[in-house]
Amino acid sequence: MSSAAEFTEEEQGRYDRQIRLWGVEAQHRMRNATILVVRMKGTATETIKNIVLAGIGTLIVVDGDDVTEEDLGAGFFFRDEDVGKKASVQWSRAGYSVAINRFYVNFQRVDVAKARIESLNPLVTVKTIPTYSAVDSQSFETTIRDVDLVCITDWDKDGLIRMNEVCRRSGKPFYAGGTYGLLGSGSKESQKDAKVTTSYTSLENSLRHRWSSLTRRQTKELNPSAVFTILGTSFLGPSKYLANVYMLALWKYESTHGTLPNDATQAAELQSIADALVAEAEVNKQVLVKVPKELIE
């Protein structure tokens, strides 16, 4: 069993309150943990802040995108000056002057965020990978080899299913989540904790769940209307309890159009997709509550 004496004076001072809350052993496990977070949008920003302040050992962030104006509204690791700006270069020699056309100077999210993440807690090692090739089908298993927990944020459905299967084979706890406006989705698949081992169904099988085996009362208690009608779907976990919410209609739209919807005129198509998902999942329509079109828009 770990003791407080194993922590440095700086660690004891920084983590004193939380050690009192969850104990020395938990803090020791956290200090030795390496966590991988993929894609630095709003969900990842909050996640990174919390786990870094809590005192994990190493954080690895994968992101291949540049900072955009949209990031300023959801990511407090970014500033106005990080957004790509126009610049021009002029070169002259021996009396000749040549003006080069304007171009954009782009800044990658992981590059500008790294120092600001480190400033939250200097005791945490922060590593960045500025390309999504680290999580493609050829590289992902190697990327997570020395990682203790994987967290994928704001990713498409097919990619999540693929990475979930790799994590299951590798015995790595898998967390996934994302946001779209006021809506959000989340999934947790932790293989084990200190005392208990739990078996979870795969993400792919969870998304294929059918509600036909439930009675009308059971279906109503689980309230699929709040999920399906607002453009999402749900699944039941290993113990027949509602486990997570997935915005399948949004994923389906993204798969078809290559982008997420951004205009109220697309609400009708989204509602049509959601209705098809409800029928496919065999939900008892008698318990569904119609959501006003204005809310969807």
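Residues numbered from 1 in each chain as written. Predicted model: local features only at pLDDT ≥ 70, side-chain atom pairs only at ≥ 80, totals over all residues. Heavy atoms only, no water.

S.K.: Where do I start with the overall build of the protein in this structure?
M.R.: Regarding its fold elements, the protein presents 13 helices and 10 strands. Counting the 297 residues in the protein, one finds 40% classified as buried. At a minimum sequence separation of 6, the contacts of the protein that also span at least 24 residues come to 61%. For the protein, the accessible surface area stands at approximately 16900 Å², while carbon and sulfur atoms represent 49% of it. (Helix = DSSP H or I, 4+ residues; strand = E, 2+ residues; numbered from the N terminus. Buried < 20%, exposed > 50% of the residue type's maximum accessible area, 1.4 Å probe, protein only. Contact = heavy atoms within 4.5 Å. Areas by Shrake-Rupley, 256 points an atom, 1.4 Å probe, with all protein chains shown as cover.)

S.K.: Even after reading the chapter, I still don't get helix H12 (residues 267-280), so can you show me in this structure?
M.R.: Given 3.6 residues to a turn, an α-helix orients residues that are three or four positions apart in the same direction. With 14 residues, H12 extends 20 Å between its outermost C-alpha atoms, agreeing within 8% with the 20 Å of an ideal straight helix rising 1.5 Å per residue. Of all the residues in H12, the buried ones are Ala267, Leu270, Gln271, Ile273, Ala274, Leu277 and Val278. Along the axis of H12, the buried residues cluster in a sector spanning 160°; they form a single face. (Expected span 1.5 Å × (residues − 1). Arc of directions from axis to C-beta.)

S.K.: Help me understand the pattern of salt bridges, please; the structure alone is not making it clear to me.
M.R.: A side chain of one charge can pair with a side chain of the opposite charge if their charged atoms are brought near each other. As enumerated under the stated definition, the model contains nine salt bridges in all. Arg31 serves as the salt-bridge partner of Glu11, at 3.0 Å between the closest nitrogen and oxygen. Taken together, the residues span a long stretch of sequence, with Glu11 in helix H1 (residues 9-22) and Arg31 in helix H2 (residues 24-31) at a distance of 20 residues. Glu11 sits in the buried class, given a relative accessible area of 10%. For Glu46, the salt bridge identified is with Lys49, shortest N-O distance 2.7 Å. Taken together, the residues Glu46 and Lys49, both in helix H3 (residues 42-54) and three residues apart, mark about one turn of the helix. By sharing partners, the salt bridges in this structure join Arg39, Asp63, Asp65, Asp71 and Arg109 into a single network. (Salt bridge = Lys/Arg side-chain N within 4 Å of Asp/Glu carboxyl O.)

S.K.: Hey, could you run me through the packing of helix H11 (residues 248-257) against H12 in this one?
M.R.: For any two helices packed against each other, the geometry is given by the interaxial angle and the distance between the axes. Here H11 crosses H12 at 120°, and the two axes come no closer than 9 Å. With respect to each other, H11 and H12 are oriented oblique. In terms of crossing hand, the pair formed by H11 and H12 is right-handed. The segment H11 lies against H12, with Leu248, Ala249, Leu250, Lys252, Tyr253 and His257 engaging Glu269, Leu270, Ile273, Ala274 and Leu277. When its residues are assigned to classes, the contact of H11 with H12 shows eight nonpolar, one polar and two charged. (Axes fitted to C-alpha atoms, helices over the stretch in contact; angles between N-to-C directions. Parallel < 35°, antiparallel > 145°, perpendicular 65-115°, else oblique. Left-handed = near helix turned anticlockwise from the far one by under 90°. Nonpolar A, V, L, I, M, F, W, Y, C, P; charged D, E, K, R; others polar.)

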